[in-house]
Amino acid sequence: MDMKQQKAETLRTFREIAAMEPLPERGRVAFQFVAEDPRADWDGFGEAVEDLGYEAEGFEAVEDDEEDCLEIITPEMALTAEGLWAEEEKLTLLAAVYGFIPDGWGFVGA
């Protein structure tokens, strides 16, 4: 996992979205994670993030080109590029412990 590249991509994407439409000052962010390891601990990861105050929900793939994912939703936070990255970095490092990798993010209700 190349965290420098991931950070650069996240910051670039955030700034592109913010340039296209005004974002609220505060909001929630949904991060999607997929299993990198067939033995990934879905329950363990979900419980760990819920213990930290996040919401977690698993989604089964509907299409053949999709993967099952665990979506993690932040509590309301300041919607800044650096704030979003701080959350993503923390969740990415925790996800790796349970056999997951990041697969994207989006704003909830924005």
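Just so you know, these numbers come straight off a predicted model, no measurement behind them.

Each value, and the rule that gives it
Residues numbered from 1 in each chain as written. Predicted model: local features only at pLDDT ≥ 70, side-chain atom pairs only at ≥ 80, totals over all residues. Heavy atoms only, no water. 1 Å grid on protein atoms, 1.4 Å probe; cavity = no way out; pocket = protein on both sides within 12 Å on 5 of 7 lines; lining within 4 Å. Points joined across faces, edges and corners; volume = space filled by probe spheres on them. Helix = DSSP H or I, 4+ residues; strand = E, 2+ residues; numbered from the N terminus. Nonpolar A, V, L, I, M, F, W, Y, C, P; charged D, E, K, R; others polar. Salt bridge = Lys/Arg side-chain N within 4 Å of Asp/Glu carboxyl O. Buried < 20%, exposed > 50% of the residue type's maximum accessible area, 1.4 Å probe, protein only.

Enquirer: Which residues make up the layout of surface pockets, and what are the values?
Expert: One number sums up the size of the largest pocket: a volume of about 230 Å³. For the lining of the largest pocket, the element with the highest residue contribution is helix α1 (residues 3–20), accounting for 5 residues. When the residues that make up the lining of the largest pocket are grouped by side-chain class, the tally is 4 nonpolar, 6 polar and 4 charged.

Enquirer: I'd like a description of the pattern of salt bridges, backed by residues and values.
Expert: Under the criterion given, the structure shown has 5 salt bridges. We note a salt bridge from E16 to R12, for which the minimum N-O separation is 3.9 Å. You can see E16 and its partner R12 sitting in helix α1, 4 residues apart, about one turn around the helix. A relative accessible area of 45% means that E16 is categorised as partly exposed. Note that R26 is salt-bridged to E76, the shortest N-O span being 3.1 Å. With R26 in strand β1 (residues 26–35) and E76 in the loop between β3 (69–73) and β4 (77–78), the pair connects residues that are 50 residues apart, well separated along the chain.

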